[in-house]
Amino acid sequence: MGVMAPASTPGLEDDNWGETTTVVTGTSEHSISHDDITRITKDMEDSAHLDCSRHLGVALAGALALLAFLTPLAFMLLPQLLWREELEPCGTPCEGLFISVAFKLLILLLGSWALFFRRPKAFFPRVFVFRALLMVLVFLLVVSYWLFYGVRILDSRDRNYQGIVQYAVSLVDALLFVHYLAVVLLELRQLQPQFTLKAVRSTDGASRFYNVGHLSIQRAAIWILENYYHDFPVYNPALLNLPKSVLSKKMSGFKVYSLGEENTTNNSTGQSRAVIAAAARRRDNSHNEYYYEEAEHERRVRKRRARLVVAVEEAFTHIKRLQDEDQKNPREIMDPREAAQAIFASMARAMQKYLRTTKQQPYHTMESILQHLEFCITHDMTPKAFLERYLSAGPTIQYHKDRWLAKQWTLVSEEPVTNGLKDGVVFVLKRHDFSLVISTKKIPFFKLSEEFVDPKSHKFVMRLQSETSV
Amino acid sequence: MLCDSSVPPTAFRSVSQPSYLQQRIEIHKLRQGDNLILGFSIGGGIDQDPTQNPFSEDKTDKGIYVTRVTEGGPAEIAGLQIGDKIMQVNGWDMTMVTHDQARKRLTKRNEEVVRLLVTRQSLQKAVQQSMMS
């Protein structure tokens, strides 16, 4: 039940929501469910359940951030409020420290905003280890500062105000360093490529290679998915199987008789093996049929494509952009939508036939074609530019959102998903009708040696046939 | 280097062609002033470009070929013809030598007679014609 828990972590810290997911099955996750409908309803239930835990995480993160921000101010204000008369006056050094505190807090605010307050791009199934670590660190820091403050300053009513202000400044410095640590852990560490991931789609074998740095398995999965939507050609279930005419019934001709044997317990595998072996030896010409079928299909596609290209080219010659100096009857002036509708009729039939031959017709509705045509006309595109969307299967993100952009993916992994990537790790990203199998290889360690080539050392001679008289 | 031994390898036989396609030619050197001349020019060698050889059938053949024969010289008298490939000189192999080594083998000062083993395309054709008729 490896459901992606919809919990986001925009704040500094990402918290105990990991404990409340339904994913915890020891240290491994396996997705075994075969029934789409029950899975979909279960997804909806889970997402509803985990919403509040996500909000809990965000709330906790925000609270801790607020606490961390306000603590230095509190440190500086409390003595002024409680025992103002007893404080030693503190002139220029304190003012300098006040200014530095103000600016450091401002920088911290901007930095935190830049780093943490972003729209989350994915919901991870498990807690994000680094964020949890940082949250714990900040919490411990603030708590220990408060502890010392309470004991040393509040209880004893320390008079040295400059010391108190410096104490507050040191906390702000420590928070800035924690922010630096956050930048390094969350952003910088994964930038240098260390591994090559190969992603293969299980249904049709489309594959890509990606270079990533040190990431945990779940983060690597998100990275792969982000790239999947613009690299992989769209999954077309109609293109998967060999046509039925080609796959003849191979094992129909054989029956196995056992002569004189009474015990059939261990004969079943033997029988099936014998049938398979006999079928393999029998001469079958299905490969021939496959070849001719492919060639015929190829020819048909090319013919339709030629007709489509010609039709579109011709259609585009019927309209042109209105120049300012042309004087035209206002009734004849069209906006892009109308222009598109005007020329669509002449290419509609050729387009439909082509899409049907290449089995793409579920992906393009008439409305979508019209919209694309309008778009191309507006931007002065040529017929070829208009057709590039249809002549080759584009990446998934190109098609209409509702149909093909699914957000629910399941991560199947034998190792805990918060583990880092290592050489040889394999995990699977599943949708209900296909899956992406991802394997990891470490980028080799390169030994680069240098060789100096003197520019003057490039010398050549002619290859001649010399003739010597003897 | 393989070929720079003091004893000529007389036992060496050219394995690529049977004996009736080769001819033995004995040239007596002519003394001209301080030099002994043979009266022909050679081309080829393993350090040369074999594709420029006009006489070879196989353009990767890096052997030594006779490119010119002076009229009335010792080589013409002995029967050497232009386009002959020299296989051996006094027992020394000439199929895998550099151009300069070939020249040196032919112009040894202490030798007055050189015995060449040559092969010729016209010989091959003659034999083939006689075999076919």
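Residues numbered from 1 in each chain as written. Chains lettered and ligands numbered in written order. Predicted model: local features only at pLDDT ≥ 70, side-chain atom pairs only at ≥ 80, totals over all residues. Heavy atoms only, no water.

### Brief notes about the overall build of chain A
- In terms of helices and strands, chain A carries 11 helices and 6 strands.
- Here chain A holds 470 residues, and the buried ones make up 35% of them. (Helix = DSSP H or I, 4+ residues; strand = E, 2+ residues; numbered from the N terminus. Buried < 20%, exposed > 50% of the residue type's maximum accessible area, 1.4 Å probe, protein only.)

### Focus: helix 5 (residues 217–231) of chain A
All names here are of chain A.
- Here helix 5 spans 20 Å end to end across 15 residues, near enough to the 21 Å set by a 1.5 Å rise per residue.
- Of all 15 residues in helix 5, 11 are buried; the element is thus mostly enclosed.
- Listed as buried for helix 5 are I217, Q218, R219, A220, A221, I222, I224, L225, N227, Y228 and Y229. (Expected span 1.5 Å × (residues − 1).)

### Overview of the packing of helix 8 (residues 336–357) of chain A against helix 10 (residues 383–391) of chain A
Residues and elements named next belong to chain A.
- Here helix 8 crosses helix 10 at 30 degrees, and the two axes come no closer than 11 Å. If you check the angle between helix 8 and helix 10, you find them roughly parallel. Listed contacts from helix 10 to M347, M351, Y354 and L355 of helix 8 are F386, Y390 and L391.
- The residue makeup of the contact of helix 8 with helix 10, split by class, is 7 nonpolar, no polar and no charged. (Axes fitted to C-alpha atoms, helices over the stretch in contact; angles between N-to-C directions. Parallel < 35°, antiparallel > 145°, perpendicular 65-115°, else oblique. Contact = heavy atoms within 4.5 Å. Nonpolar A, V, L, I, M, F, W, Y, C, P; charged D, E, K, R; others polar.)

### Considerations on the interface of chain A and chain B
- Residue-level contacts link 8 residues of chain A with 18 residues of chain B.
- With both sides pooled, the region where chain A packs onto chain B buries about 1,200 Å², and carbon together with sulfur makes up 45% of that total.
- Counting every contact that joins chain A to chain B gives 1 salt bridge.
- Note that E467(A) is salt-bridged to R68(B), the shortest N-O span being 3.4 Å.
- Where chain A touches chain B, the interface holds 8 residue pairs in polar contact (both at pLDDT 80 or more).
- Partitioned by chemical class, the residues of the side of chain A that touches chain B number 2 nonpolar, 4 polar and 2 charged. (Buried area = accessible area lost by both parts, 1.4 Å probe. Salt bridge = Lys/Arg side-chain N within 4 Å of Asp/Glu carboxyl O. Polar contact = N/O pair within 3.5 Å; in protein donor to acceptor, adjacent residues only side chain to side chain.)

### So, the pattern of salt bridges
- Enumeration over the complete set of coordinates arrives at 13 salt bridges over all chains.
- Between R302(A) and E298(A) there is a salt bridge, with its nearest N and O atoms 3.5 Å apart. Here R302(A) and its partner E298(A) are both found in helix 7 (residues 286–316), 4 residues apart, which amounts to about one turn of the helix.
- With a relative accessible area of 41%, E298(A) lands in the partly exposed category.
- Ionic pairing is found between R103(B) and D100(B), a salt bridge with its closest N-O pair at 3.1 Å. In this pair, R103(B) and D100(B) are both assigned in helix 2 (residues 99–106), 3 residues apart and thus about one turn of the helix distant.

### Examining the pairing of strand 5 (residues 64–69) of chain B
All names here are of chain B.
- With 5 bridges joining them, strand 4 (residues 40–44) and strand 5 adopt antiparallel strand pairing. The residue of strand 5 that forms the bridge with F40 is V69.
- Inspection of the sheet shows strand 5 paired to strand 6 (residues 85–89) by 2 bridges, in the antiparallel sense. The residue of strand 6 that forms the bridge with I64 is I86. (Pairing = 2+ DSSP bridges.)

### Quick word on the UniProt feature "transmembrane region" (unreviewed entry) in chain A
Residue and element names in this part refer to chain A.
- If you check UniProt for "transmembrane region" (unreviewed entry), the listed places come out as residues 56–77, 97–116, 128–148 and 168–188 in our numbering.
- Structurally, residues 128–148 is divided into 95% helix and 0% strand, and its ends, taken at the C-alpha atoms, are 31 Å apart.
- The span residues 168–188 is 100% helix and 0% strand, and its two end C-alpha atoms sit 29 Å from each other. (UniProt positions renumbered as here; feature names shortened; annotations may be inferred.)

### Overview of helix 3 (residues 129–154) of chain A
- Compared with an ideal rise of 1.5 Å per residue, which puts 26 residues at 38 Å, helix 3 of chain A spans 36 Å between its outermost C-alpha atoms and is within 8% of the ideal.
- Here helix 3 of chain A has its buried residues at R131(A), A132(A), L134(A), M135(A), V138(A), L141(A), V142(A), Y145(A), Y149(A) and I153(A).

### Considerations on the packing of aromatic side chains
All names here are of chain A.
- Scanning the entire structure with this criterion turns up 17 aromatic pairs over all chains.
- When the ring of W409 is compared with that of F434, the centres are 5.9 Å apart and the planes differ by 80 degrees; the resulting orientation is edge-to-face. Placement of W409 in the loop between helix 11 (401–404) and strand 3 (410–413) and of F434 in the loop between strand 4 (426–430) and strand 5 (435–442) is noted, with a sequence separation of 25 residues between them.
- By the ring-pair criterion, three or more aromatic residues cluster together here, those being Y228, Y229, F232, Y235, W409 and F434.
- Here the basic side chain of R201 rests over the ring of F434, its NZ or CZ set 5.9 Å away from the ring centre.
- One Lys or Arg, R208, reaches over the ring of F232 and ends 5.5 Å from the middle of that ring. (Phe/Tyr/Trp six-rings, centres within 6.5 Å; stacked < 30°, edge-to-face > 60°. Lys NZ or Arg CZ within 6 Å of the ring centre and 35° of its normal.)

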